[in-house]
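Below, each chain spelled out in residue letters.
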Amino acid sequence: MARPSAAGRRGRPGFDTIPRWVVAVAAVGALFVLLPLVAMATRVDWANFLALVTSESSVAALLLSLRTSVAATALCVLLGVPMALVLARTTFRGQRLLRTLVLLPLVLPPVIGGIALLAAFGRQGLLGHTLELVGIRIAFSTTAVVLAQTFVALPFLVLSLEGALRVAGTRYEAVAATLGARPTTVLRRITLPLVLPALLSGAVLSFARALGEFGATLTFAGSLQGVTRTLPLEIYLQRETDPNAAVALSLVLVVVSVVVVALTLRTVPGRAGAS
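Positions within a chain are numbered from 1, following the residues in the order the chain's sequence is written. Predicted model: local features are reported for residues with pLDDT of at least 70 only, side-chain atom pairs are reported and counted for 80 or more only, and whole-chain, interface and lining totals are derived from all residues. Hydrogens and water are ignored here; the side-chain numbers use all heavy atoms of the structure.

Asks: Tell me about the nonpolar core, and name the residues and values.
Replies: Definition of nonpolar core: a set of buried residues of the types Ala, Val, Leu, Ile, Met, Phe, Trp, Tyr and Cys, connected through side-chain atoms within 4.5 Å. Relative accessibility decides the category of a residue: with a 1.4 Å probe and only protein chains considered, values under 20% of the type maximum give buried, values over 50% give exposed, and everything between is partly exposed. Ranked by size, the top nonpolar core spans 22 residues in total, and within it V81, L157, V158, L161 and L165 carry the most contacts. Mapped by element, the contributors of at least two residues to this core are helix 4 (56-89), helix 8 (142-168) and helix 11 (196-211). Ranked by residue count, the leading element in this core is helix 8, at 8 residues. A contact between two residues is defined here by any heavy atoms of the two lying within 4.5 Å. Those residues in contact with L161 that sit more than four places away from it in its chain are V81, A84, V195 and L199. By size, the runner-up hydrophobic cluster in this structure holds 20 residues, among which are M40, L231, I235 and A246. The helix and strand labels rest on DSSP assignments: H or I over at least four residues marks a helix, E over at least two residues marks a strand, and numbering proceeds from the N terminus.

Asks: Explain the packing of helix 8 against helix 11 to me, and be specific about the residues and the numbers.
Replies: Here an axis means a line fitted to C-alpha atoms, over the contact stretch when the element is a helix, while the angle between two N-to-C directions is reported on a 0 to 180 degree scale. Viewed as axis vectors pointing N to C, helix 8 and helix 11 meet at an angle of 160°, and their least axial separation amounts to 8 Å. Considered as vectors, helix 8 and helix 11 are oriented roughly antiparallel to each other. The hand of the helix 8/helix 11 crossing is right-handed. For the pair helix 8 and helix 11, the contacting residues are Q149, V152, A153, F156, L157, S160, L161 and A164 in the first and A198, L199, G202, A203, L205, S206, R209 and A210 in the second. Every angle not falling under 35 degrees, over 145, or within 65 to 115 is termed oblique; those three ranges are roughly parallel, roughly antiparallel and roughly perpendicular. Should the near helix be turned anticlockwise from the far one by less than a right angle, the crossing is left-handed, and should it be turned clockwise, the crossing is right-handed.

Here it is, written out as C-alpha cells:
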C-alpha cells in the first residue's frame, strides 16, 4: 500500500493526486507567464536603474498613477458596493441586462471605453457640454484620468462582491431583521463584515487595474506630464526615445503589480493556509 506523501500528511494534497500530464501542462503555462518577465528583467540596465526610474518625468508619472489609482479605487468602492448589493439582494425586470452592462468594461477594448467617456464628458459630449457652460472641464484633465480608471476597474469590485454576497446568503440578515434591526444597521453590522474579505480583494484588484490602465486614459485624458501622463503612458513614450528607461519603468510596474496580487491573495479566505 502506498505511503502518503509528506504533503498529504500535513493535510495538503501532493502532486500524486493529479495526473502527471496535468502537472506538465501546468508547468508549461507557468513558463509561458514567467519567461517574458524573466526576459524583461535580463534587459534592465541595472547600472543605471536608479537614474532611469528617478528621472523627473518618471517620478511624476508614478506619483500621478498612485494618486489617481487610489482615487479611482475609492470611487469603485463608493459606487460598486451599492451596485453589488442591488444585483445580489434584489430581483427586478432587466436585472440581467443591467449586470451585463455593468460588467461590459471587462471585455470592452479600453480605447472604446475612452471614446465612450469622451462622448459623455468631452467638451461636446452629452454631459460635458453642459458642464463646460458652468466652467467644469473634465476631458484631458487629472479628473479624466480618475474617471477612465474607475470605468475599467469598477467591474472587478462589483463582480467580486456580488459573488461573495450570493455565497454568504441572507440567513443572518433575515435573523437581524426579525429582531428589529433597520436595513442600514443590518448592512453595517451584518452584511459588510461577512463579505469584508471579498470587498478588500475587489478593492485591491480595482487598484491594480486602475494602475495599469492605458487605452481609455490616453483616449479620454491625453498625455500631459504631471497632469494626465500616468506610468503606463510614460512607459509607452519612453519606449520610442529611451528603451532602457521603458524597461526599467516596466519592471517597477511589474513589482508593484506583484505586491498587489499578493495582497489580493491574502484577503481571500483559505488562501493564507495554502501559501
